[in-house]
Amino acid sequence: MTTQTLDISPVGRVEGDLDVRVEIEDGYVVNAWTQAELFRGFEVILRGKDPQAGLIVTPRICGICGASHLSCASWALDTAWGTEVPRNAILARNLGQIVESLQSIPRYFYGLYAIDLTNKKYQNSPFYEEATRRFAAFTGKSYEIGVTISGSPVQIYALLGGQWPHSSYMVPGGVMCAPTLTDVTRAWSILEYFRTNWIEPVWLGCSLERYEQIKTYDDFMAWIDESPNHANSDLGFYWRMGLDIGLDKYGAGVGKYMTWGYLPHEDKYQKPTIEGRNAATIMKSGVYDSFSDTHTLMEHTFARENTIHSWYDEGTENIHPFDRTTQPSPKNTKDFNNAYSWATAVSHIEYGRLETGPFARQMVAGGKHGESWQHYDGFILSMFKAMGGASIHLRQLGRMHELVKLYRQAEHCLREFRLNDPWYIKPQEKDGRGWGATEAARGALCHWVELEGGKIKNYQVVAPTTWNVGPRDSQGIRGPIEEALVGTPIYDPTDPVEVGHVARSFDSCLVCTVHAHDRKTGEELARFRTA
Amino acid sequence: MANVLWLQGGACSGNTMSFLNAQEPTVCDLISDFGINLLWHPSLGMELGSNLQQLLRDCILGNIPLDILVFEGTVVNAPNGTGEWNRFADRPMKEWLSDLSKAANFVVAVGDCATWGGIPATAPNPTQSQGLQFLKRQEGGFLGKDFRSKSGLPVINIPGCPAHPDWITQILVAIATGRIGDITLDELHRPQTFFKSFTQTGCTRNIHFAYKATAAEFGQRRGCLFYDLGCRGPMTHSSCNRILWNRVSSKTRAGMPCLGCTEPEFPFFDLKPGTVFKTQTLMGTPKELPPGIKAKDYALLTVAAKNAAPNWTEEDIFTV
C-alpha cells in the first residue's frame, strides 16, 4: 500500500494561516498534522504594561471575535480588582458579545464554509446547481444576502461601543457607554431587520417560534418534511445536500467537548469572583464525554498546555497556563516528529484533548448538570445520538442552531436595560490575579492576568483555536482537528476540498493562537483551585 | 476591471472584518458592479495550497496582471530578519510581498499594522514587525522610502485599527473607476480626503469640549472625554465622526475615548502604566493640546469657557 503525503499551504478561508499535512492511503486520510504558521507575541508585548492595556491589546488578537477578548479582559480585571459591575453593564457586555456572534454565524457559513458546496466534486449531486445558485462566492443569492447582512448585528455593537471591530467599551467596573432610549429602539429595529430579512425568510423558512419547537432529531426531520419552505430554506437545503454528499460521514474528532460557559447573569454576577463564575452564567460550563455519556462542570484549574510539538523552548511537561513562559524558538523549521506549530496542545487534566466551539456548547447544553435556572437544550445531543456521533454536518447544525438562542438573549438584554441606573462603578486598582472566560463564536476563550507593582506581570490567553488546532501532545495524541481529519475521503488530491471542509467546520481562527505567561510557583497556583 | 490580491501578514483580520461591513458599496457590489476582480483573499478566496501558490507566481511573472495589491497586517521579519515566523504558502510572507509589490500597479496598506506596524510593533516588538513603508512615523518600512509601485505612487496608507470600511472601498473604487488622480496623499501617504480633519470634527461632545465640561468617569451621557479620560480626538486625524462607524456611531459619541489609532504613535506611550484611559496632565492642564494652540492661550480659554459654561453642561444631555 502506498502512502501519499499532501502538504497544503495554506488551507485558506480559515482565519489566519493554517497549513495541513495529511497522509493518504486508498483515498482516505490516515494521519494528519495541523500547523499554525504565524507568531505575533502579544503576551510578550503585554508584560510590564498598564493593567488595562489588555483592554486595548487583546481585542486586536482577533478582529473577528474582539468583543469576546474584550469581555474576557474585563472580567479578568474585575476578578483581580474585586469590582462591582452594575446590572446594566453586564447586559451591555453580553449584548456586545452576542451581536458579534450573530455577525459571525452567517459570515462564516456563507463566506468561509458553504462556498465549498459549489466545488466541481459535487457536480453530479442533484443539489449542485441550486447550491451554485445560492452559495457561489460574491454572486450567489444567499451568499450575497448572508455576507452583506452579517454587518447588521454589529451595528448594535457600534451603538454601545462606537464601532465594530475593535472598540474597548467594556472596562473593569462596567462599560463606557450609557445607551439612551434611542439607542435601544434603534437596536431593536436592527435585530428585527436581521430576523425578517435573513433568519426567517432565508435561513429557516419559518418563524423563530416554529423553529424553537424543535427539540429532538424526530422533530427536526418532521420540520423539514412539514413544508417546502422548510426543506428549501438555506438550512433545509444545506441539510439535505450535506446528507447527499456525505458530510455526515466524516470529521468526527475526539468525541469529548468543553465550554467555559458564558453570558454572566445580570443579577447573579455583580460582584464577580473566579470561584463564583460557574453558578453565575446563563449558558452553563461543562465537559461532555460522549464515551461515558456524562456531563461535568469545567474549571480553569483543569486546563493544561503542552509545548513539546510547538515552537516554544518551554520543556515537555503539561503545565497550567499560569506557569508558562512564552519563549518562542528562534528556529521554527517544520519537524513532524518534534515541533511543527505555534499552537500548543491544550488538554483537560482528566479528559485529555477536548473539542470546543458552538457544537461543543450544544453538547454541554444537553446536560442536566449546573444550576436549575441555567439554559438547557437537548436538541443537538439528540441529533448526535440519533446519527451515531459527530461529523462536519452536525458541527454546522450546532453552530447554526445557536443563532436562534443568541437572538433571544439579545432581545433579553434590550428588554432588561434600566436606562436611568448606573453603567459603571469606578473600581479601585490593586495588584492581584484574575481570570476571565467566555465563549467566542468559535469556542472557549479565556484570559489570565497577574498584576504586580501596578503593572502587568503576566498575561495569557487560551483561545478556542488553541484547543482545536493544537498539535500532538506529550503522549503523541493528535489534536481535535488532526483527529477529525483522520478518515476523511480525498476524491482529488490536487483539490482536497474535504480537508477544507473538516478544517473549516471548526471555524478555525489561527490569528488567535497566541499565548502569554510568566513562571509561577505551585503554591500560588493552588489559590486558583476551586474544587 | 481591476485585479485585486489581498494578503495578510501579522494580522488579526480586523480590517477584513471591517471591509465586510461595507455598505456603500457592499463587498458583493464592489465585485459585481465596480469591476473589482478579487483574485484571492485569505478569508474569501477559493484556491488552496499549490493552486494558490501558482496563482501568486503568475502574478509575479505578469501572467496575471496585478492591478492592486492590498496588504493587511505587519511585515514580520522575525526571527533575525528571515520572516520565518510568518510563513505563508510555503514561504516567508515578506518574500511574497517583496516580489508581488514589484508587480503591482498600486499597493494599498490597510490598517495600522500594514501602515505603521501597529500593535505588534509595540515595544519590545517581538516579531520585528514593520509597516510597508513606515515604522511608526519613520519613513522607510519594509519596502523602503523610495518605493513606488508601477503606477508611480508610493504605498497608499489607509490607517486605523481597523480602517473604516468606507475608507477602504472608496479607495478601491477610486482606482477602479479612474479617479485615483484626485487623491492627494499627506506626508504619511494617507488620503487627505479622510485624514485631513480630526476625529473630533463632528463629535457630539464638542459642546462639552468648548465649555471645558469633563466626563470624569465612564458611563456618562455628558461631558468631554478629553480632559480626564485620555481622549485623543482633538489631536487625531480621521473622519470617524463624519463617516460614522457601522453607519450609526463613533467611539467618542458612544462614550469611549479616541485612542488615536490612525496616527503612527498608536498605541500611545507604548501602554506604559498610568497612561491607559487617563489624560496626561501637568498642573491640571493636558500635556498635549489640540494642534496649533499655544498653552497660554489655552489657559485663558479655559478660564473663560468654565466661567461661561451653562448649567446644562453638567446634565444628562443625551437623555433617556
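Residues numbered from 1 in each chain as written. Chains lettered and ligands numbered in written order. Predicted model: local features only at pLDDT ≥ 70, side-chain atom pairs only at ≥ 80, totals over all residues. Heavy atoms only, no water.

Asks: Before we move on, could you go through unusual backbone geometry and cite the residues and values that matter?
Replies: All names here are of chain A. Across the junction of serine 9 and proline 10, the peptide omega takes the value 0°, indicating a cis bond. If you trace the backbone, proline 10 turns up in the loop between β1 (4-8) and β2 (18-25). Between tryptophan 164 and proline 165 the backbone carries a cis peptide bond, its omega angle lying at 0°. Position of proline 165 relative to the elements: it lies in the loop between α7 (153-161) and β4 (170-171). The backbone of aspartate 293 sits at a positive phi, close to 50°, despite the residue not being glycine. Structurally, the position occupied by aspartate 293 is in the loop between β9 (286-289) and β10 (294-296). We classify aspartate 293 as partly exposed; its relative accessible area is 40%. (Helix = DSSP H or I, 4+ residues; strand = E, 2+ residues; numbered from the N terminus. Buried < 20%, exposed > 50% of the residue type's maximum accessible area, 1.4 Å probe, protein only.)

Asks: Go over the confidence of the model for chain A with me, naming the residues and quoting the values.
Replies: For chain A, mean pLDDT is 93; residues scoring 70 or higher make up 96% of the total. In this model residues 514-531 of chain A is a low-confidence stretch, pLDDT under 50, and it forms 63 contacts with partners more than four residues away in sequence or in other chains. (pLDDT = per-residue confidence, 0-100. Contact = heavy atoms within 4.5 Å.)

Asks: Can you lay out the pairing of strand β3 (residues 28-36) of chain A for me, pointing to particular residues and giving the numbers?
Replies: Consecutive residues of a regular strand have side chains that alternate between opposite faces of the sheet. Residues and elements named next belong to chain A. For β3, a buried count of seven out of nine residues is recorded, marking the element as mostly surrounded by other parts of the structure. The pairing of β2 with β3 spans eight bridges and is classified as antiparallel. Each bridged residue has a counterpart across the sheet, and for arginine 21 the counterpart in β3 is tryptophan 33. Count of turn residues in the β2/β3 antiparallel hairpin: two residues, of which aspartate 26 carries a positive phi of about 50°. (Pairing = 2+ DSSP bridges.)

Asks: How would you summarise the environment of B:Leu66 if you had to cite specific residues and measurements?
Replies: Residue and element names in this part refer to chain B. Among the secondary structure elements, leucine 66 is positioned in strand β3 (residues 66-72). Accessibility expressed as a relative area gives 4% for leucine 66, which makes it buried. Linking leucine 66 and leucine 39, residues 27 residues apart in sequence, is a C-alpha distance of 8.8 Å. Apart from the residues within four sequence positions on either side, leucine 66 is in contact with Asn3, Leu5, Leu39, Cys59, Leu100, Ala103, Ala104 and Asn105.

Asks: Could you give an account of the packing of aromatic side chains, with specific residues and numbers?
Replies: In this description, an aromatic ring pair is defined by two values, namely the gap between the centres and the angle between the planes. Residues and elements named next belong to chain A. Under the counting rule described, the total for this entry stands at 52 aromatic pairs over all chains. Taking 6.2 Å as the distance between ring centres and 45° as the angle between the ring planes, the aromatic pair formed by tyrosine 110 and phenylalanine 135 counts as tilted. Pair noted here: tyrosine 110 is in helix α4 (residues 87-113) and phenylalanine 135 is in helix α5 (residues 128-135), with a separation of 25 residues, a long-range link. Relative accessible area serves as the criterion here: at 0%, tyrosine 110 is assigned to the buried category. Of the residues examined, phenylalanine 135 reaches a relative accessible area of 0% and is grouped as buried. Taken together, the ring pairs connect Tyr108, Phe109, Tyr110, Tyr113, Phe127, Phe135, Phe194, Trp198, Trp203, Phe237 and Tyr238 into an aromatic cluster. Positioned over the ring face of tryptophan 75 is arginine 93, at 4.5 Å from the centre of the ring. Seen from the ring of phenylalanine 322, arginine 433 lies directly overhead, with NZ or CZ sitting 3.9 Å from the centre. (Phe/Tyr/Trp six-rings, centres within 6.5 Å; stacked < 30°, edge-to-face > 60°. Lys NZ or Arg CZ within 6 Å of the ring centre and 35° of its normal.)

Asks: Explain the sheet that holds strand β7 (residues 104-110) of chain B to me, and be specific about the residues and the numbers.
Replies: The pairing of strands in a sheet comes from backbone hydrogen bonds and takes either a parallel or an antiparallel form. All names here are of chain B. The five strands lie next to each other as β2-β1-β3-β7-β11, forming an open sheet whose pairing is parallel. The two strands at the open ends of the sheet, each matched to only one other strand, are β2 (36-40) and β11 (156-158). Taking the axes of each pair of neighbouring strands and ignoring which way they run, one obtains an average angle of 25° across the sheet. Looking at chain direction, strand β1 (residues 2-8) and β2 are connected through four bridges and run parallel. From the neighbouring strand, leucine 5 faces β2, where its bridge partner is tryptophan 40. Docked against the sheet, helix α3 (residues 49-61) engages β1, β2 and β3, running at close to 125° with respect to β2. On the sheet, helix α6 (residues 165-176) packs against β1, β2, β3, β7 and β11 and is oriented at approximately 155° with respect to β11. (Axes fitted to C-alpha atoms, helices over the stretch in contact; angles between N-to-C directions.)

Asks: Which residues make up the packing of α4(A) against helix α8 (residues 181-204) of chain A, and what are the values?
Replies: Residues and elements named next belong to chain A. It is the contact of α4 with α8, at a shortest axis distance of 12 Å, that shows an interaxial angle of 35°. Considering how the two elements wind past one another, α4 and α8 form a crossing that is left-handed. Residues Leu102, Pro106, Phe109 and Tyr110 of α4 touch α8, and the partners they reach there are Leu191, Phe194, Trp198, Val202 and Trp203. (Left-handed = near helix turned anticlockwise from the far one by under 90°.)

Asks: I'd like a rundown of the sheet that holds strand β13 (residues 355-356) of chain A, residues and numbers included.
Replies: Residue and element names in this part refer to chain A. Judged by pairing direction, the sheet is mixed, and its four strands sit side by side in the order β10-β9-β6-β13 without closing on themselves. Of all strands in the sheet, those bounded by a partner on one side alone are β10 and β13. Bridging between strand β6 (residues 256-259) and β9 involves four bridges; their strand directions are antiparallel. Residue pairing in the sheet places tyrosine 257 in a bridge with tyrosine 288 of β9. The strands that helix α13 (residues 358-365) touches are β6, β9, β10 and β13; relative to β6, the one it contacts most, it runs at about 90°.

Asks: Would you mind going over the interface of chain B and chain A in detail, with residue names and values included?
Replies: Listed per partner, the contact involves 76 residues of chain B and 85 residues of chain A. With both sides pooled, the region where chain B packs onto chain A buries about 6,600 Å², and carbon together with sulfur makes up 60% of that total. The three residues of chain B that bury the most area against chain A are B:Leu48, B:Trp85 and B:Arg87, which together make up 11% of that side's buried surface. Counting across the chain B and chain A interface gives two salt bridges. Residues A:Glu429 and B:Lys278 are paired through a salt bridge, measuring 3.2 Å at the closest nitrogen-oxygen approach. Our count for the contact surface shared by chain B and chain A stands at 27 residue pairs in polar contact (both at pLDDT 80 or more). Counting residues per element, the ones that place at least two in the side of chain B that touches chain A are α1 (14-20), α2 (27-33), β2, α3, β5 (87-88) and α9 (251-254) of chain B. Considered class by class, the residues forming the side of chain B that touches chain A number 40 nonpolar, 25 polar and eleven charged. (Buried area = accessible area lost by both parts, 1.4 Å probe. Salt bridge = Lys/Arg side-chain N within 4 Å of Asp/Glu carboxyl O. Polar contact = N/O pair within 3.5 Å; in protein donor to acceptor, adjacent residues only side chain to side chain. Nonpolar A, V, L, I, M, F, W, Y, C, P; charged D, E, K, R; others polar.)

Asks: Quick rundown of the side chain of A:Glu266? Include the residues and the values.
Replies: Residue and element names in this part refer to chain A. Relative to the elements of secondary structure, glutamate 266 occurs in the loop between β7 (262-264) and β8 (281-283). Buried charge glutamate 266 goes without a salt bridge, the closest partner of opposite sign being arginine 87 at 4.2 Å. Side chain to side chain, glutamate 266 and histidine 412 meet in a polar contact 2.7 Å long. Each residue touching glutamate 266, except ones within four places of it in the same chain, is listed here: Arg87, Ile90, Leu91, Ile282, His412 and Glu416. (Lys, Arg positive; Asp, Glu negative; His and termini not counted.)

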